[in-house]
Amino acid sequence: MTIGVLVVEDEAVAADAHAQYVGRVPGFRVAGVARSRAEAVRVLERTPVDLLLLDLYLPDGHGLHLVRSLRAAGHGADVIAVTSARDLAVVREGVSLGVVQYVLKPFTFATLRDRLGRYAEFRAAAGEASGQEEVDRALSALRSPGTAATVPKGLSAPTLEAVARALRDTPEGLTAAGAAGALGVSRITARRYLEHLVASGRAARAPQYGQVGRPELQYRWLSSRR
């Protein structure tokens, strides 16, 4: 069953980009695009929506005001907030209203893909937890596994985690070109992240022979670090 997403974004170019990003992630579909708080309310009245990808600064009110009104009306759609604001007071208010994640603008497809993947993993958890560890595991799906502190300057923690996940999910390994195509980043960018994973001991590289010309490097996740 796919997860229906309402993109709420007042800037036309950004709204189109976010909708295209959502449409490229397996298991998700764009249920609608709204350019204002009022339009979002109208879409929600007639269309089933599981998740809002919500810009916080809308022309007719703050995005969190929309979330507050939805909660008062009993609407249970989850929310991923997208914003350029870095005010932690706003973040805390959003958490109190049930915002499950924040994505800072501008962001790449790889970043949103990672966030949506984590959300889908969290949403898929069902049944009764056997104990605290299982509850913690379900909640941790929404959070990056502590990569930020080990990411060097110039690299992004969400993108690094997305590259690492792509390697983990591809036992036969990936080239820089393969990683770039899977994540929607440039080949040069993919190679930088792959080389960082090699340098940090989480991946290995070896020449890929059997092709005409210079052999291409193949990167593999080291299973002992999974």
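Residues numbered from 1 in each chain as written. Predicted model: local features only at pLDDT ≥ 70, side-chain atom pairs only at ≥ 80, totals over all residues. Heavy atoms only, no water.

Our next topic: the sheet that holds strand β2 (residues 28–34). Strand order in the open sheet formed by five strands is β2-β1-β3-β6-β7, with parallel pairing between adjacent strands. Edge positions in the sheet fall to β2 and β7 (99–104), since each has one partner strand and no second. Between one strand and the next, the sheet's axes are offset by a mean angle of 20°, whatever the strand orientation. For strand β1 (residues 3–8) and strand β3 (residues 51–55), the ladder comprises four bridges, and the chain directions are parallel. Across the sheet, the residue bridging to Val7 is Leu53, located in β3. Its contacts with the sheet put helix α5 (residues 109–124) on β1, β2, β3, β6 (78–83) and β7, and the angle it makes with β7 is roughly 170°. (Pairing = 2+ DSSP bridges. Helix = DSSP H or I, 4+ residues; strand = E, 2+ residues; numbered from the N terminus. Axes fitted to C-alpha atoms, helices over the stretch in contact; angles between N-to-C directions. Contact = heavy atoms within 4.5 Å.)

Our next topic: unusual backbone geometry. Of the consecutive residues Lys105 and Pro106, the connecting peptide bond is found in the cis state with omega at -10°. Tracing the backbone shows Pro106 in the loop between β7 and α5.

A few words now on the packing of aromatic side chains. Counted by the stated rule, this structure contains two aromatic pairs. Consider the rings of Tyr21 and Phe107, whose centres lie 6.3 Å apart with planes at 55°: the pair is tilted. Placement of the pair is Tyr21 in helix α1 (residues 12–23) and Phe107 in the loop between β7 and α5, with a sequence separation of 86 residues. According to the relative accessible area criterion, Phe107 is buried, its value standing at 12%. Seen from their ring centres, Tyr21 and Phe109 are 5.6 Å apart, and the 55° between their planes marks the pair as tilted. With Tyr21 in helix α1 and Phe109 in helix α5, this pair connects stretches of sequence that are 88 residues apart. (Phe/Tyr/Trp six-rings, centres within 6.5 Å; stacked < 30°, edge-to-face > 60°. Buried < 20%, exposed > 50% of the residue type's maximum accessible area, 1.4 Å probe, protein only.)

With that settled, consider the pattern of salt bridges. Opposite charge on two side chains permits them to pair, given that their charged atoms come into close proximity. Going through the model one piece at a time under the given rule, you end up with ten salt bridges. Its salt-bridge partner being Asp114, residue Arg118 comes within 3.3 Å of it at the nearest N-O pair. Taken together, the positions of Arg118 and Asp114, both in helix α5 and four residues apart, correspond to about one turn of that helix. For the pair Arg118 and Asp114, a shared accessibility class is recorded, and that class is buried. (Salt bridge = Lys/Arg side-chain N within 4 Å of Asp/Glu carboxyl O.)

All right, on to the confidence of the model for the chain then. Caution is warranted with low-pLDDT regions, since their predicted coordinates should not be read in detail. Counting all residues, the mean pLDDT for the chain is 84, and 84% of those residues have values of 70 or more. The secondary structure element of the chain with the lowest average pLDDT is helix α6 (residues 132–140), at 61, and the one with the highest is β1, at 97. Low pLDDT (under 50) marks residues 145–149, which in the prediction has six contacts with non-local residues, meaning those over four places away or in another chain. (pLDDT = per-residue confidence, 0-100.)

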